[in-house]
Amino acid sequence: MGSGLWDTHVHLDDERFAGDRKEVLAEIGREMAGVINPGCDGASSAFAVELAEKYPWVYAAVGWHPENLTELPKDYLAKEAAWAEHPKVVAIGEVGLDYYWPDNAPREVQKKVFKEQMDLAAQLHLPLIIHDREAHGDMLELFRKDAPRGLEAVFHCFSGSVEMAAELAKKGCYFGFGGTSTYKNARKVREVMLSLPKELLLLETDSPYLAPVPYRGKRNKPLYTKLTAQNMALLLGVSYEEVVAFTEENTLRLFRKIKQPLS
Ligand SMILES: [Zn+2]
């Protein structure tokens, strides 16, 4: 496997990888340490586990995304718990709140399902991969009132304020930074990055979405993590190698199952 570069958030099941998925997967194996592929519903979680079984450098997370709750199976928590027994399922996710799309399930449903998956993650001693879009107020309230003891989590592609990040950081949350941190108009994202201790920073792409500059608007892929890492190095005033080293350390600390021997 390649350097210590980790893409902690990629959707390789997306149809935009249909044409070259094999090549993209080979490239990860050559150039990177690994990737974490979260699921967003039953089919994509199963696909993530399958990929993880096939490729040593792919790890999976399983979960139901707030955009996919209209057909939530009754036994979804049991399904997640069963998948989580797999040695390469390293987190519960992608889960969260999404108030951006009007067709999503009602807010009360989203909160209930998120809370249930939050509890499951804590029970299973697995970290939670969180999506929070236009729902910062409710997300913070959930964390204040309902976060179970010992919950570990990463806010992927975090878009909240410096103050919100500080409060979540106190609770031990990590923060994933990807393509948006390289966009000219994303000053707030960079302010948040600079405000956090580097022990809480992770790299991600959210491929196929949100490609970093200079590929903004094109299909994203895991190797572009490199561009976000270079940008992070510039912003923090450290070397690229340092960024790769501390983000790898953080990845392996949060997703600790990665280092457990496969049985
Ligand atoms: Zn995602």
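Residues numbered from 1 in each chain as written. Predicted model: local features only at pLDDT ≥ 70, side-chain atom pairs only at ≥ 80, totals over all residues. Heavy atoms only, no water.

**Some points on the coordination of the zinc ion**
When a metal carries six donors in an octahedron, the ideal angles between them are 90 or 180 degrees, while four donors in a tetrahedron ideally lie at 109.5 degrees. Taken together, the protein ligands of the zinc ion are His9 (NE2), His11 (NE2), Glu94 (OE) and Asp206 (OD), with distances of 2.1 to 2.7 Å. Every donor counted, the four donor atoms about the zinc ion form angles of 86 to 177° at the centre, which fits irregular coordination. Mapped onto the sequence, the donors of the zinc ion take the spacing H-x1-H-x82-E-x111-D. Taken as a pair, His11 in the loop between strand 1 (6–7) and helix 1 (21–31) and Glu94 in strand 4 (residues 89–98) lie far apart in primary sequence, 83 residues in all. The two residues His11 and Glu94 agree in class, both being buried. (Donors = N, O, S within 2.8 Å, 3.2 Å for Na, K, Ca; no water. Tetrahedral: all angles 85-135°; square planar, octahedral: opposite > 155°, others 65-115°. Helix = DSSP H or I, 4+ residues; strand = E, 2+ residues; numbered from the N terminus. Buried < 20%, exposed > 50% of the residue type's maximum accessible area, 1.4 Å probe, protein only.)

**Some remarks on the sheet that holds strand 3 (residues 58–62)**
Strand order in the open sheet formed by eight strands is 1-2-3-4-5-6-7-8, with parallel pairing between adjacent strands. Unpaired on one side and paired on the other, strand 1 and strand 8 (201–203) mark the two borders of the sheet. In the sheet, strand 6 (residues 153–155) pairs with strand 7 (residues 174–177) via two bridges, with the strands oriented parallel. Its bridge partner lying in strand 7, Val154 is registered against Tyr174. Along the sheet, helix 4 (residues 107–124) contacts strand 4 and strand 5 (128–133); its crossing angle with strand 4, the most-contacted strand, is approximately 160°. (Pairing = 2+ DSSP bridges. Contact = heavy atoms within 4.5 Å. Axes fitted to C-alpha atoms, helices over the stretch in contact; angles between N-to-C directions.)

**Details of the packing of aromatic side chains**
Under the counting rule described, the total for this entry stands at ten aromatic pairs. Between Phe155 and Phe158 the ring centres are 5.7 Å apart and the planes differ by 85°, which places this aromatic pair in the edge-to-face class. Like Phe155, the residue Phe158 is buried in the burial classification. Considering the side-chain rings of Phe155 and Phe175, the 6.2 Å spacing of their centres and the 20° angle between planes classify their relative orientation as stacked. On the criterion of sequence distance, the pair formed by Phe155 in strand 6 and Phe175 in strand 7 is long-range, its members being 20 residues apart. For the residue pair Phe155 and Phe175, the accessibility class agrees, reading buried in each case. Every member of this aromatic cluster is reached through a ring pair, and the members are Phe143, Phe155, Phe158 and Phe175. The cationic tip of Arg107 hangs over the ring face of Tyr99; the distance from NZ or CZ to the ring centre is 4.0 Å. Stacked on the ring of Tyr100, the Lys or Arg Arg133 has its end atom at 3.6 Å from the ring centre. (Phe/Tyr/Trp six-rings, centres within 6.5 Å; stacked < 30°, edge-to-face > 60°. Lys NZ or Arg CZ within 6 Å of the ring centre and 35° of its normal.)

**Concerning the packing of helix 7 (residues 187–195) against helix 8 (residues 225–236)**
Running from N to C, helix 7 and helix 8 cross one another at 65°; their axes reach a closest spacing of 10 Å. Judged on the interaxial angle alone, helix 8 and helix 7 are roughly perpendicular. Where helix 7 crosses over helix 8, the two elements pack in a sense that is right-handed. For the pair formed by helix 7 and helix 8, the contact residues are Arg190, Met193 and Leu194 on the first element and Met232, Leu235 and Leu236 on the second. Partitioned by chemical class, the residues of the contact of helix 7 with helix 8 number five nonpolar, no polar and one charged. (Parallel < 35°, antiparallel > 145°, perpendicular 65-115°, else oblique. Left-handed = near helix turned anticlockwise from the far one by under 90°. Nonpolar A, V, L, I, M, F, W, Y, C, P; charged D, E, K, R; others polar.)

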